[in-house]
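Chains, contacts and geometry: an overview
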Amino acid sequence: MTAPAIAQRAITMQVERGIAVLTFDAPGAPVNTFTAAAQQDLRSAFETIQRDPAIRAAVILSGKRGNFIAGADIEAFLDFRTAEDGEAASCAGHPDFAAIEKGKPVVCAIDGGCLGGGTELAHACHWRIATDRSKTAVSLPEVQLGIIPGAGGTQRLPALIGLQAALEMILTGKTVRAKKALQLGLVDEMVHPSILRRVALQRALELADGTRQREAKHKGAGEMLLDENPIGRAIVFRKAREGVLAKTKGLYPAPLAALDAVAAGYTSDGDGYQTEARLFGELAMTPESQELVFLFFATTALKRDMGVEVSPLPKPLPVERLGILGAGFMGAGIASVASPAGTIVRMKDADTARVAQGLAAVREVMREKLVKKQVTRPQFDDLLLSVSGTTDYSGFGNVDMVIEAVFEDLQVKHQVLREIEAVVPPRTIVASNTSTIPISRIASASVRPERVLGMHFFSPVHKMPLLEIITHDGNDPQVVVSAVSYGRMLGKTVIVVRDGPGFYANRVLSPYVNAAGLLLDEGVSIESIDDALVKFGFPVGPITLVDEVGLDVATKAGAIVAEAFGARMAPNESIQRVIRSGRLGRKGKRGFYLYDDDGRKGGVDASVYDLLPTGQKRTTVPAERIVQRCVYAMLNEAVLCLEDGILRSPRDGDIGAVFGIGFPPFRGGPFRHIGRVGARAVVETLDELEREFPGRYQAARTLRAMAVSGAQFYSAGKPV
Ligand code: 3H9
């Protein structure tokens, strides 16, 4: 007999055979989050459960297919004014989860993403079941938002799965799929989604009857030794701290605070939860967390933006078959992300050797997926079968899209464009993976220019998240929408920019790299330039970056923007001289740095200084000035891109810089960084630099106006 539903706002409760079944289904929201109202619903549901003698146990599940609980409501963090506000939010949840933990048996039935506070709720339950659906995964992603788990995660997880495994999850925020969660003891059981509810009810009955007890995780002897004695734990904490510092260079406070919170749980009773709440509150107020939270909202807002301002919005055309021209590094890279997205790929190059090389490169990426258990053996085989090669245009007669990734030369691009258009159907979208040549110039040779646009992937394609889509004035909006939609299918963060030399990413990168080159011209050491920018938060310094992308590629991009923007981007001497000497960077195993036969980077190649204007004579420039000279050139250029209409919004500029060129995420992006420093201070520094380097740092008009008016790029609250 089923009792009538008791209406709750986000969580509804039904009682079946003495088991309270709580369904979390936040009305009108795409995912379940612990808003204040949902938290109140949970609290009152459990008060009823504990009070009502007819209820013997409970099951909690989600009413949203593929989404269990996405954690705390991140939007609420925007209202925190002090660290105490954050601490209070954390403290408010602690008694609720403690009451669940200490009360009647609760089974947590996880189907889909279980994140942050959702995972912490699961920890407080007595039995956890996950479905074997590919979307089902458990994580504590708080550090990625610059905070730590604040609903008991730093305290309960180590007890559940052991200290080392818990730290691995808490410090990285990584996602654990159902199968791995089962191995770790993070969940107790894995079932097919169709039987989740039934099994969960059954387990609740068994727990209530006492016929089933939650088994403690079977820790290995080594794990026991480490977890259960203070010396062992001290070793684990020390190693974890070293690992965090090596990875974050001390720039991200959250993982270090997480270590303190976890450690506090071992030192005294109850204090761990207080420490967790205090640190959660403190971290929520850090600029690092605020910028990471900004990035979360900016990226989710971007997912809804189709890149065109027309109404009604055209429907995206499906891309089921893709032709790729050029089986080189980029072409093969694109194939390796297109195939897992379910696309049939046909890759063409001039001869069979190149095609074979391209197919081998695709195979290598798929093999990596297999090794990391991201795909099964049959899936791996299927993925490889979906990519084929050709030296003519056979198979291009029915493709929905062609992406050309041939040599960066306008005549070559025109030639292939004509060839493509002669074989593909009129509906086919033709995209160029050019990183520098203006799309309108490429499209000028097309018989259907409205179907030609740019899709600038970043290298290595399977790792780099950004896709820059470049449109020109004559594009059909449906073509743009289709490219955006397909880019997202490939798992990319997509920004749409207008055509112009260097588009956005390469345009802002050019003056930054150039500034580094000018420092080299003066005799500043390679290490001190790279170190200064790495300490600012870039993943690698600008000189290493030039080696990575290839000196030929960097100089070519530099020449295009120099031609377009004149004195502001006039090339430095050093990089020109090094390329003229025949050094290509990592790919040629000789650049500014030394490389071994496998391409692994060693130290600076001291002999490279002989090629530079000051030879072996060194000079020093303070790290802070190095950063200003490189970064302010980039900040100013980003604003100029906005003024020129290359960027559609500061949001796109921030996302493009963070996901495309490694602008430090904890600084939010160039526009956010300007907001933090203040437009007036930025203009003052630019003016000072301009006096020293005339023509290179003329502050953008917008910045100057903002310095006077106090206007901001962003208003308070969630970015749209
Ligand atoms: C936490 O839990 C702290 C606790 O330890 C302690 C607290 C005291 N909050 O990404 P999507 C929105 S910290 C608010 O496009 P998908 C999102 O903005 C939290 N809003 O969907 C978007 O809104 P809109 C730890 C959220 O299917 C809409 O939902 N949790 C939240 O591609 C759809 O999102 C996380 O960090 C949230 N927690 O991916 C999880 N989550 O429609 C962050 C989503 O207005 N979330 N929204 O643009 C995610 O990683 C993904 O959203 C998820 C779904 C995987 C869940």
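Worth saying up front: this structure is predicted, and the values here are computed from it rather than measured. (Residues numbered from 1 in each chain as written. Predicted model: local features only at pLDDT ≥ 70, side-chain atom pairs only at ≥ 80, totals over all residues. Heavy atoms only, no water.)

1. Overview of the domain arrangement of the protein
Each assigned domain of the protein is listed with its residue range as follows: domain 1 (11-285), domain 2 (321-498) and domain 3 (505-645 + 648-709). On a C-alpha basis, the centroid separation for the pair domain 2 and domain 3 is 29 Å. Listed as interface residues are 14 residues of domain 2 and, on the opposing side, 13 residues of domain 3. Counting the surface lost from both domain 2 and domain 3, the interface buries some 1200 Å², and carbon and sulfur atoms represent 62% of this. For the pair domain 2 and domain 3, the interface holds 0 salt bridges. Among the secondary structure elements, those contributing two or more residues to the side of domain 2 that touches domain 3 are strand S17 (466-471) and strand S18 (493-498). Among the elements that take part in the side of domain 2 that touches domain 3, S18 stands out by supplying 4 residues, more than any other. When the residues that make up the side of domain 2 that touches domain 3 are grouped by side-chain class, the tally is 7 nonpolar, 4 polar and 3 charged. (Domains from an automatic or database assignment. Contact = heavy atoms within 4.5 Å. Buried area = accessible area lost by both parts, 1.4 Å probe. Salt bridge = Lys/Arg side-chain N within 4 Å of Asp/Glu carboxyl O. Helix = DSSP H or I, 4+ residues; strand = E, 2+ residues; numbered from the N terminus. Nonpolar A, V, L, I, M, F, W, Y, C, P; charged D, E, K, R; others polar.)

2. Structural notes on unusual backbone geometry
Glycine aside, the phi torsion of most residues is negative, and most peptide linkages are trans. Here the residue pair Ser 311 and Pro 312 is connected by a cis peptide bond, since its omega of -5° sits within 30 degrees of zero. Of note, Pro 312 is situated in the loop between helix H12 (287-303) and strand S11 (321-325). With an omega of -5°, the peptide bond between Ser 459 and Pro 460 qualifies as cis. Among the structural elements, Pro 460 can be located in the loop between strand S16 (452-457) and S17. Positive phi, normally seen in glycine, also occurs at Arg 17, with a value near 45°. Locating Arg 17 in the fold gives a position in the loop between strand S1 (11-16) and strand S2 (19-24). Judged by relative accessible area, which is 54%, Arg 17 ranks as exposed. (Buried < 20%, exposed > 50% of the residue type's maximum accessible area, 1.4 Å probe, protein only.)

3. Concerning the sheet that holds strand S8 (residues 137-139)
Read across the open sheet, the 4 strands follow the order S4-S6-S8-S9; overall the sheet is mixed. Two strands lie at the open edges of the sheet, namely strand S4 (67-69) and strand S9 (176-177), each paired on one side alone. Sheet analysis places S8 next to S9, joined by 2 bridges and oriented antiparallel. Looking at the pairing, Ala 137 lines up with Arg 177 of S9. Across the face of the sheet, helix H3 (residues 117-124) comes into contact with S4, strand S6 (113-115) and S8 while running at roughly 85° to S6. (Pairing = 2+ DSSP bridges. Axes fitted to C-alpha atoms, helices over the stretch in contact; angles between N-to-C directions.)

4. Remarks on the site of the ligand
Near the ligand, the surroundings consist of 26 residues, among which Ala 72, Glu 120, Glu 142, Lys 303 and Arg 304 are the closest. At a separation of 2.6 Å, an oxygen atom of the ligand approaches a polar side-chain atom of Glu 120. In this structure, an oxygen atom belonging to the ligand sits 2.7 Å away from a side-chain N or O atom of Arg 304. Listed by contribution, the elements that provide at least two residues to the shell around the ligand are H3 and H12. Broken down by element, the residue count for the shell around the ligand peaks at 3 residues, all from H12. For the shell around the ligand, the residue count by class is 13 nonpolar, 7 polar and 6 charged. (Near = heavy atom within 4 Å. Polar contact = N/O pair within 3.5 Å; in protein donor to acceptor, adjacent residues only side chain to side chain.)

5. A short note on the packing of helix H4 (residues 153-161) against helix H11 (residues 271-284)
Two measures define how a pair of helices packs: the angle their axes make with one another and the distance between the axes. Contact geometry for H4 and H11: axes closest at 8 Å, N-to-C directions at 130°. In terms of orientation, H4 and H11 fall into the oblique class. Across the interface between the two elements, Gly 153, Thr 154, Gln 155 and Arg 156 of H4 pack against Gly 272, Tyr 273 and Glu 276 of H11. Of the residues belonging to the contact of H4 with H11, the class tally is 1 nonpolar, 4 polar and 2 charged. (Parallel < 35°, antiparallel > 145°, perpendicular 65-115°, else oblique.)

6. Focus: the side chain of Asp 400
Residue position: Asp 400 is located in the loop between strand S13 (387-390) and strand S14 (401-404). Engagement of the side chain of Asp 400 in a polar contact is seen with the backbone nitrogen of Glu 320, the distance being 2.7 Å. For Asp 400, the residues in contact, after removing those within four places along its chain, are Pro 318, Val 319, Glu 320, Arg 321, Arg 427, Thr 428 and Ile 429.

7. What about the pairing of S11?
The side chains of a regular strand alternate, residue by residue, between the two faces of the sheet. Of all 5 residues that make up S11, 4 are buried, and the element is covered over most of its length. In this sheet, strand S12 (residues 344-348) lies alongside S11 in parallel orientation, the contact comprising 5 bridges. The partner of Leu 322 across the bridge, within S12, is Val 345. Sheet topology note: the S11/S14 ladder contains 4 bridges and is parallel. By the bridge assignment for S14, Leu 325 is matched with Glu 404.

8. Focus: helix H19 (residues 505-522)
The end-to-end C-alpha distance of H19, which contains 18 residues, comes to 26 Å, matching closely the 26 Å that a straight helix rising 1.5 Å per residue would cover. Here H19 lies mainly inside the structure; 17 of its 18 residues are buried. Taken from the residues just after H19, Gly 523 is the one with a positive phi, measuring 105°. (Expected span 1.5 Å × (residues − 1).)

9. Observations regarding the pairing of strand S20 (residues 601-604)
Relative to S20, strand S19 (residues 593-595) runs antiparallel, the two being bridged by 2 bridges. Pairing of Tyr 595 across the sheet is with Lys 601, part of S20. Between S19 and S20, which pair antiparallel one after the other, the connecting turn spans 5 residues, and Gly 599 there sits at a positive phi close to 85°.

10. What about helix H22 (residues 551-565)?
Between the first and last C-alpha of H22 there are 21 Å, a value that for 15 residues agrees with the 21 Å anticipated at 1.5 Å per step. Along H22, the residues classified as buried are Leu 551, Thr 555, Ala 557, Val 561, Ala 562 and Phe 565. Down the axis, H22 shows its buried residues gathered within 165° of arc, on one side only. Among the structural elements, H19, helix H21 (542-549) and helix H23 (573-580) are those in contact with the buried residues of H22. (Arc of directions from axis to C-beta.)

11. Concerning the packing of helix H20 (residues 526-536) against H21
At their nearest, the axes of H20 and H21 sit 7 Å apart, and the two run at 100° to each other. Considering their axes alone, H20 and H21 lie roughly perpendicular with respect to each other. Across the interface between the two elements, Ile 526, Ile 529, Asp 530 and Leu 533 of H20 pack against Pro 542, Ile 543 and Thr 544 of H21. When grouped by side-chain class, the residues that make up the contact of H20 with H21 number 5 nonpolar, 1 polar and 1 charged.

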